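Spelled out, the chains give:
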Number of protein chains: 2
Amino acid sequence: MVATFRWLKGHGTENDFLLLPDHDGSAHGELRPELVRQLCHRRRGIGADGVLRVVRCSASDDPAAAAAADAGAEWFMDYHNADGSRSQMCGNGIRVFARYLESAGLVDPAEPAVIGTRDGAKVVLWADNGRLSVDMGVGAVGGEVKIGVGGRSWPAVHVDTGNPHAVVFVEALADAGPLLASPEYDPADFPDGVNIEFAVLTGEAAVAMRVFERGVGETCSCGTGACAVALAVAGGRPGEVTVTTPGGALAVDVGSDGRMELTGPAVLVAEGTYPFG
Amino acid sequence: MVATFRWLKGHGTENDFLLLPDHDGSAHGELRPELVRQLCHRRRGIGADGVLRVVRCSASDDPAAAAAADAGAEWFMDYHNADGSRSQMCGNGIRVFARYLESAGLVDPAEPAVIGTRDGAKVVLWADNGRLSVDMGVGAVGGEVKIGVGGRSWPAVHVDTGNPHAVVFVEALADAGPLLASPEYDPADFPDGVNIEFAVLTGEAAVAMRVFERGVGETCSCGTGACAVALAVAGGRPGEVTVTTPGGALAVDVGSDGRMELTGPAVLVAEGTYPFG
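Sequence order as written defines the numbering, with residues in each chain counted from 1. Ligands are numbered from 1 and chains lettered from A, in the order in which they are written. For a predicted model such as this one, the threshold for reporting local features is a pLDDT of at least 70, and the threshold for listing and counting side-chain atom pairs is 80 or more; totals across whole chains, interfaces and linings nevertheless cover every residue. No hydrogens and no water enter the side-chain calculation; it runs on all heavy atoms of the structure.

## Describing helix H2 (residues 63-70) of chain A
Residue and element names in this part refer to chain A.
Step number 1: Only protein chains enter the accessibility calculation, which uses a 1.4 Å probe; a residue is then buried when its area is under 20% of its type maximum, exposed when over 50%, and partly exposed in between. Labels follow the DSSP assignment, with helices taken as runs of H or I lasting at least four residues and strands as runs of E lasting at least two, numbered in each case from the N terminus. When H2 is considered as a whole, its buried residues turn out to be Ala64, Ala65 and Ala68. Along the axis of H2, the buried positions cluster into a sector of 100°, meaning they face one direction only. The exposed residues of H2 that point more than 90 degrees off its buried face are Pro63 and Asp70.
Step number 2: By the convention used here, residues are in contact when the closest approach between their heavy atoms is within 4.5 Å. On its buried side, H2 packs onto strand S4 (75-81), strand S5 (113-117) and strand S6 (120-126). Here, the arc refers to the directions that run from the helix axis to the C-beta atoms.

Right, here's the structure in full:
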């Protein structure tokens, strides 16, 4: 028997999340993989790509939360994927997380917010037009690799944004086909698997993309994927790249050292209680 | 600007719905197609196959509600598909609707409930094991037709359950393939399109099915589809047929006159308010 808890649903470029406010950490033991899967099931549950438990760093027993507290973070994003596994960090999820903190009056949007994740403390800024920005760290563009999908293959750019990406530039996004098949690649290039972005240049610093996420399949948006595409487009020159995903537009500010600042929307949609009754 | 309203989410064999309690009919003007699409969007909204507005027959201006009231119905199921269009009736949705009425103390589950729909007044009964039964009317088995999907074709049984079905008996459900393509059929057989069920006999009166819904694609469950398969399996003999859909098991009690009583689960999952804030 689980306790009744409050949740909120939100999304960033259609990457959607259930937020579970658990400021004092008391729901930690309840949030087992089975419950996460049930909550995220699109038909039997509420439905989302993942669950973001909102807990004070001081109330979490995760070593990453203690480290983040030392780096100035008050809040810890305890991120669970829809399949019940845990994740380090998500560039779309952390904006939705920050939006919750703002809506609940837990942070001052006039100031940067330091948020703890399993990938370290991240700095979120409130940008213009209701968008938020997050420092995604430093990425690096590698050499050319080869990627196959659905019986076709393409040359691709190897990009490391903390996780492994292959960026394929195509003439039209439809060229990638229905993306049904498992991607083929040289395991020597990507020993831990690979996320694949198909990208079409739409301007000097503007690009449209589709993304095939490792272990998930094609998705509406991917924050690190947008960063990977922006790095490949920037080609070593600093500046802002607009990346249009199927779920909406993101902006990536690429620094001269490869530092990536991801800016995009974050919207809270609904709130409620679970389970019913 | 829409008002903030309360909603509940529930499902019957993974056919999921948002219930909007609107007992006095005051939200009627708000529930425009755009809002229905927003609510049902799986990522930008809460997510569901449809919206069931719960309104007293006496507070609805739908002529079907007035007719249902004459037939003894107190409550009217104002059914909206996820795409914003309206629908007549849904065998899974009406059980979820009745479950809401029960949970809110608006009906006595010891008695049959008469519920108004655009397809007339329907009688719902509370069955064993948390299931509910609904009288789905009289269906009829027709002749043999031909159905093509994904470059293959099969002989099929034409079944009319109030809407048009073609039931294809196969050796294994995987035989139908990924069901990506638009179905092919003779428009003389199905002038209004066709719902297609692929079915495998798993016992004397037990069958597993996949369903391809007209205008939707493959779905987890379809109440009238389960009835169509049961009629085809029964072959004119009365009795109960168990129909296992991808979303769960349904039972169809077939009468000697072709009357179909559909029995299955209905679960309320969560509740909340919309929009946020």
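Alright, that's what it looks like, and here's the rest.
## Some remarks on the domain arrangement of chain A
All names here are of chain A.
Step number 1: Domain extents, as shown, originate in an automatic or database domain assignment. Looking at the assigned domains, one finds that chain A contains domain 1 (4-131 + 266-275) and domain 2 (140-257).
Step number 2: Across the boundary between the two partners, domain 1 contributes six residues, which contact ten residues of domain 2.
Step number 3: Buried area counts how much accessible surface, traced with a 1.4 Å probe, disappears from two parts once they are put together, with both parts' losses summed. Interface of domain 1 and domain 2: buried area, both sides summed, is about 540 Å²; carbon and sulfur atoms make up 50% of it.
Step number 4: When the area that domain 1 buries against domain 2 is broken down by residue, the three leading residues are Thr13, Glu14 and Asn92, summing to 69%.
Step number 5: Salt bridge, as used here, is a side-chain nitrogen of Lys or Arg placed within 4 Å of a carboxyl oxygen of Asp or Glu. Counting the contacts that link domain 1 with domain 2 gives zero salt bridges.
Step number 6: Put simply, Ala, Val, Leu, Ile, Met, Phe, Trp, Tyr, Cys and Pro go in the nonpolar bin, Asp, Glu, Lys and Arg in the charged bin, and everything else, Gly too, in the polar bin. A class-by-class count of the residues in the side of domain 1 that touches domain 2 yields no nonpolar, three polar and three charged.

## Details of the confidence of the model for chain A
Step number 1: Known as pLDDT, the predictor's per-residue confidence is scaled from 0 to 100. Mean pLDDT for chain A: 94, with 98% of residues reaching 70 or above.
Step number 2: At the level of chain-chain contacts, confidence expressed as ipTM amounts to 0.89, with global pTM at 0.91.

## Focus: the pairing of strand S10 (residues 164-169) of chain B
Residues and elements named next belong to chain B.
Step number 1: Within S10, five of the six residues are buried, which leaves the element mostly enclosed by the surrounding structure.
Step number 2: Strands qualify as paired when DSSP identifies two bridges or more between them. Hairpin geometry of strand S9 (residues 152-160) and S10 is characterised by an intervening segment of three residues between the two adjacent antiparallel strands and by a positive phi of about 105° at Gly162.
Step number 3: Strand direction decides the pairing type here: S10 and strand S12 (residues 195-203), joined by five bridges, are parallel. When the sheet's bridge partners are listed, Phe169 is paired in S12 with Ala199.

## Things to note about the side chain of A:Thr117
All names here are of chain A.
Step number 1: By the element assignment, Thr117 lies in strand S5.
Step number 2: Classification of Thr117 as buried rests on a relative accessible area of 0%.
Step number 3: Of the polar contacts made by the side chain of Thr117, one reaches the backbone oxygen of Gly120; its length is 2.8 Å.
Step number 4: If near-sequence neighbours (up to four positions away) are discounted, Thr117 is found in contact with Ala64, Phe76, Met77, Gln88, Met89, Ile94 and Lys122. Whenever two N or O atoms come within 3.5 Å, that pair is a polar contact, provided that in protein one can donate a hydrogen and the other can accept it, and provided that, for residues adjacent in sequence, both atoms are side-chain atoms.

## Some details on the interface of chain B and chain A
Step number 1: In this assembly, 28 residues from chain B lie in contact with 28 residues from chain A.
Step number 2: Across the chain B to chain A interface the summed buried area is about 2,300 Å²; carbon plus sulfur atoms make up 54%.
Step number 3: Looking only at chain B, the three residues that lose the most surface to chain A are B:Arg43, B:Val269 and B:Phe276, adding up to 34% of its buried area.
Step number 4: Counting every contact that joins chain B to chain A gives six salt bridges.

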